Amino acid sequence: MVATGKPGSAEESSIIIITIIIIVFCASDGGGQVALYVFTEAGELSSFSKMSVFGPVVKIHPVVLASICDSYERRNEGASRVIGTLLGTIDKHSIEVTNCFSVPHNESEDEVAVDMEFAKNMYELHKRVSPTEVIIGWYATGFDITEHSVLIHEYYSREASNPIHLTVDSALQSGKMNIRAYVSAQMGVPGKTVGVMFTPLSVKYVYYDTERIGVDLLQRTRVTPSRTKGLTSDLSQVAGSAARVQDMLTTVLAYIEDVLSGKVTADNSVGRFLMDLVNKVPTISAEDFENMLNSNINDLLMVTYLSNLTQAQIALNEKLVLL
Amino acid sequence: MQPLYLTLRLSSIVIIKHYQEEGQGSEVVQGVLLGLVVDDRLEITNCFPFPQHTEDDADFDEVQYQMEMMRSLRHVNIDHLHVGWYQSTYYGSFVSRALLDSQFSYQHAIEESVVLIYDPIKTAQGSLSLKAYRLTPKLMEICKEKDFTPEGLKKANIGFEHMFEEVPIVIKNSHLISVLMWELEDKSTVADKHELLNLSSSNHLEKSLQLLMDRVDDMSQDIVKYNTYSRNLSKQQQQKHQYLQRRQQENAQRQSRGEPPLPEEDITKMFKPPQPPPRMDTLLIAGQINNYCQNVKEFTSQNLGKLFMAEALQGHN
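Residues numbered from 1 in each chain as written. Chains lettered and ligands numbered in written order. Predicted model: local features only at pLDDT ≥ 70, side-chain atom pairs only at ≥ 80, totals over all residues. Heavy atoms only, no water.

The name an unreviewed UniProt entry assigns to chain B is Eukaryotic translation initiation factor 3 subunit H, from the organism Amphiprion ocellaris. Of chain B, the UniProt comment under Subunit (unreviewed entry) reads exactly: "Component of the eukaryotic translation initiation factor 3 (eIF-3) complex, which is composed of 13 subunits: EIF3A, EIF3B, EIF3C, EIF3D, EIF3E, EIF3F, EIF3G, EIF3H, EIF3I, EIF3J, EIF3K, EIF3L and EIF3M." Of the comments in the UniProt record for chain B, the one headed Subcellular location (unreviewed entry) reads "Cytoplasm". (UniProt positions renumbered as here; feature names shortened; annotations may be inferred.)

If you want it as structure tokens, here you go:
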């Protein structure tokens, strides 16, 4: 069984080499399925038939990526990339990366020095706070996997079983920040030349609910030119949220107009979604709704009144005491 | 008042994550804020959490943990200047003696330090709730003197509104993080949840009101104590007065009879003044009640807006 890769762009040359070696490997092995995901230029996955998923799914939390970017910005003079340890939890089908810390290292043409004492210390400290996190791999910024990576990966395999390797292209070499995860596998002709192959894994982003809201807020900073945003509160937030829903509604309306005037062919599934949307507004008789609305408003007004009263009361108390 | 800049991607996200993992109960999670002071702004760039206090970990040294963490972070060029600390809160109840003490010790050491309060329940309702507080200079004075008697507080003329001052927060991101945000927006498949527009809110309101009621009860107890104290004090004054008068009368009578006057006795030893109750707790409770009321008002205003929106939606149906 043979796997081939399409040469999509210059970056895929390394994949082609790997595929050729896989052909050799399979030929000597004589069987077994090899899964290979090929990254197309858009960064999406395309898998060929008769391939099985190799390795678990990697779920990343945004805090990890933000930390990696931050350590890249703070790197020492002359260092072209930073590396660090990934912490998280391992499941049967997935690996969840929840935390990370950077490790100082020196890299030159022919040698690599990583401060392992430091890594161990940091891990101990982190374990005090969250005892469920274990070392599940390491990360590196930069685009390719170099030979030094292999050495570092070997070290990490001593710390954790089957570590994953995450690369974040913070130098934006290909115009995008590519975030990929790999697992290493032995390959080669047994007994003679052995090598290590990094097989890519599928990467997903997961958030806790509260994280999602925090990230939402951060998303809004990217539109302001000074990249700043104050934390608003109160009614303005509801107004903002309502404005967003309104925007969405206008987009949907524009689409419907287009379909009606024949500019765009109608899509049935979209139509079904729209039906769902319209039906979601509950049909309550006007009287009932009015009652509900009024009682709710009354509750809220009463609570506001009471809290104002309490505040006035304690203010008075203060003044009396100070007499 | 110095506005507070937070290069927040790390701080807020880490705090949120820490709370999610550790503080699922009603315990608070705490941690240290790191950053630096630039011109008139305080920039917070990183933070790390403190492990929980467990009883079976008696030999755990907090200071040592902190020192080691900061030393390690210095190696990777992360700002290691201690600028404050953060704490999570439960429905807004964070004004307590412990917080006051901690913040005082921090502010004593570092002038601009702040305490960042993160409210996870409010955040889950749709808007990131992070507030930064600092003690007012007046309160710092009082804490330094440790003079919590009513007279002391009266001298300083401090009310519960002057205890904490809120520092406005601004989030600032670097360009690289903006790129990251664009990437995440592209790749992430989680739908945009509009929790902020959620109408079911009575649960939250109930809880807040219950806490408010507890506090008001505490407050009234305190007030009763204070009242009894002042009544005792005035009664004692009266007794002293009466005793003095009787003495004088007796002395006058004895003089008229030609006998030596009675010796003046030390009144202060006879009438020991009652112990004035410490007023600090009352101040704290008042501050807490104020906080609750603020939160409730904010909440109700948001809900009113939402209700009117729902009405508009129904109207078109």
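Trainee: Help me out: how do you make sense of the overall build of chain B in this one?
Mentor: What chain B contains, in helices and strands, is 10 helices and 8 strands. Here chain B holds 317 residues, and 48% of them are scored as buried. Considering only residue pairs separated by 6 or more positions, chain B has 74% of its internal contacts joining residues 24 or more positions apart. Carbon together with sulfur atoms contributes 51% to the accessible area of chain B, which is approximately 16300 Å² in total. (Helix = DSSP H or I, 4+ residues; strand = E, 2+ residues; numbered from the N terminus. Buried < 20%, exposed > 50% of the residue type's maximum accessible area, 1.4 Å probe, protein only. Contact = heavy atoms within 4.5 Å. Areas by Shrake-Rupley, 256 points an atom, 1.4 Å probe, with all protein chains shown as cover.)

Trainee: What exactly am I supposed to notice about the confidence of the model for chain B here?
Mentor: One rule of thumb: low pLDDT means the predicted coordinates there are not for detailed reading. Chain-level statistics for chain B give a pLDDT mean of 72 and a share of 70% at 70 or above. Model confidence for the complex is summarised by a pTM of 0.70, with the ipTM given as 0.73. (pLDDT = per-residue confidence, 0-100.)

Trainee: Please explain a negative patch on the surface as it appears in this structure.
Mentor: All names here are of chain A. On the surface, E109, D110, E111 and E147 cluster together into a patch of negative charge. You can see D110 is positioned in the loop between β6 (105–107) and β7 (112–114). Relative accessible area serves as the criterion here: at 70%, D110 is assigned to the exposed category. (Patch = residues over 30% accessible without salt bridge, like charges linked within 9 Å, V, L, I, M, F, W, Y side chains within 5 Å. Salt bridge = Lys/Arg side-chain N within 4 Å of Asp/Glu carboxyl O. Lys, Arg positive; Asp, Glu negative; His and termini not counted. Charge placed at Lys NZ, Arg CZ, Asp CG, Glu CD.)

Trainee: Even after reading the chapter, I still don't get the packing of aromatic side chains, so can you show me in this structure?
Mentor: The description of two aromatic rings rests on the distance between their centres and on the angle between their planes. All names here are of chain B. Counted under the stated rule, the structure contains 2 aromatic pairs over all chains. Arranged with centres 6.1 Å apart and planes meeting at 15°, the rings of W85 and Y106 form a pair that is stacked. Residue W85 is found in strand β4 (residues 82–88), and its partner Y106 is found in helix α3 (residues 97–109); the two are separated by 21 residues along the sequence. Residue Y106 is classed as buried on the basis of its relative accessible area of 16%. (Phe/Tyr/Trp six-rings, centres within 6.5 Å; stacked < 30°, edge-to-face > 60°.)

Trainee: Please clarify how the nonpolar core should be interpreted in this entry.
Mentor: One broad trend across soluble globular proteins is that nonpolar side chains are buried collectively. In this structure, Y156(A), F48(B), L100(B) and F164(B) are the most contacted members of the largest nonpolar core, which totals 58 residues. For this core, the element with the highest residue contribution is helix α10 (residues 280–315) of chain B, accounting for 8 residues. In contact with F48(B), not counting residues within four places along its chain, are G31(B), V32(B), L34(B), Y65(B), Q66(B), M69(B), M70(B), L73(B) and Y86(B). Counting residues in hydrophobic clusters, the runner-up holds 31 residues, among them V64(A), I68(A), L180(B) and L184(B). (Core = buried A, V, L, I, M, F, W, Y, C linked by side-chain atoms within 4.5 Å.)

Trainee: Help me understand the packing of helix α8 (residues 286–321) of chain A against helix α8 (residues 202–257) of chain B, please; the structure alone is not making it clear to me.
Mentor: The N-to-C vectors of α8(A) and α8(B) enclose an angle of 20°; their axes lie 12 Å apart at closest approach. Compared by their axis directions, α8(A) and α8(B) come out roughly parallel. α8(B) is crossed by α8(A), and the crossing has left-handed handedness. Packed against α8(A), whose contacting residues are L300(A), V303(A), T310(A), I314(A), N317(A) and V321(A), the element α8(B) presents L205(B), L209(B), V216(B), M219(B), I223(B) and Y226(B) at the interface. Residue classes in the contact of α8(A) with α8(B) are distributed as 10 nonpolar, 2 polar and no charged. (Axes fitted to C-alpha atoms, helices over the stretch in contact; angles between N-to-C directions. Parallel < 35°, antiparallel > 145°, perpendicular 65-115°, else oblique. Left-handed = near helix turned anticlockwise from the far one by under 90°. Nonpolar A, V, L, I, M, F, W, Y, C, P; charged D, E, K, R; others polar.)

Trainee: Teacher, can you tell me more about the packing of helix α3 (residues 116–129) of chain A against helix α2 (residues 62–75) of chain B here?
Mentor: Two quantities define a packed helix pair, namely the angle between the helix axes and the distance between the axes. One can describe the packing of α3(A) onto α2(B) by two numbers: an axis separation of 11 Å at closest approach and a directional angle of 135°. By the criterion of interaxial angle, the relationship of α3(A) to α2(B) is oblique. When the axes of α3(A) and α2(B) are compared, the crossing they make is left-handed. Taking contact as the criterion, the partners of F118(A), N121(A), M122(A), L125(A), H126(A), R128(A) and V129(A) in α3(A) are, on α2(B), Y65(B), E68(B), M69(B), S72(B), L73(B) and H75(B).

Trainee: Just to check I follow, could you spell out the environment of S96(B) for this structure?
Mentor: Its location among the elements puts S96(B) in the loop between β4 and α3. The exposure class of S96(B) is partly exposed, given its relative accessible area of 31%.

Trainee: Would you explain the pairing of strand β5 (residues 114–118) of chain B in this entry?
Mentor: All names here are of chain B. When you tally the buried positions in β5, you get 5 out of 5 residues, the bulk of the element. Taken together, the 5 bridges between β4 and β5 define a ladder with parallel strand orientation. Looking at the pairing, Q87 lines up with I117 of β5. By the bridge criterion, 4 bridges tie β5 to strand β6 (residues 130–135) in an arrangement that is antiparallel. Paired with Y118 across the two strands is L130, which belongs to β6. (Pairing = 2+ DSSP bridges.)

Trainee: How should the pairing of strand β3 (residues 57–60) of chain A be read in this particular structure?
Mentor: The side chains of a regular strand alternate, first on one face of the sheet and then on the other. Bridge count between β3(A) and strand β5 (residues 94–103) of chain A: 4 bridges; the pairing is parallel. Each residue of the ladder has a partner; that of K59(A), found in β5(A), is E96(A).

Trainee: Got a minute to help me understand a nonpolar patch on the surface in this structure?
Mentor: A surface patch of nonpolar side chains, amounting to about 410 Å² of accessible area, comprises M302(A), Y305(A), L306(A) and L309(A). Note on placement: M302(A) falls in helix α8.

Trainee: Any chance you could explain the pattern of salt bridges here in plain terms?
Mentor: Close approach of charged atoms allows side chains with opposite charge to pair. All names here are of chain B. Taken as a whole and judged by the stated rule, the model has 2 salt bridges over all chains. As a salt-bridge pair, K225 and D222 come within 3.6 Å of each other at their nearest N and O atoms. With K225 and D222 both in helix α8, this residue pair falls 3 residues apart, about one helical turn. Looking at D222, the relative accessible area reads 12%, which means it is buried. We note a salt bridge from E250 to R254, for which the minimum N-O separation is 4.0 Å. Linking E250 with R254, this pair stays in helix α8, spanning 4 residues, or about one helical turn.

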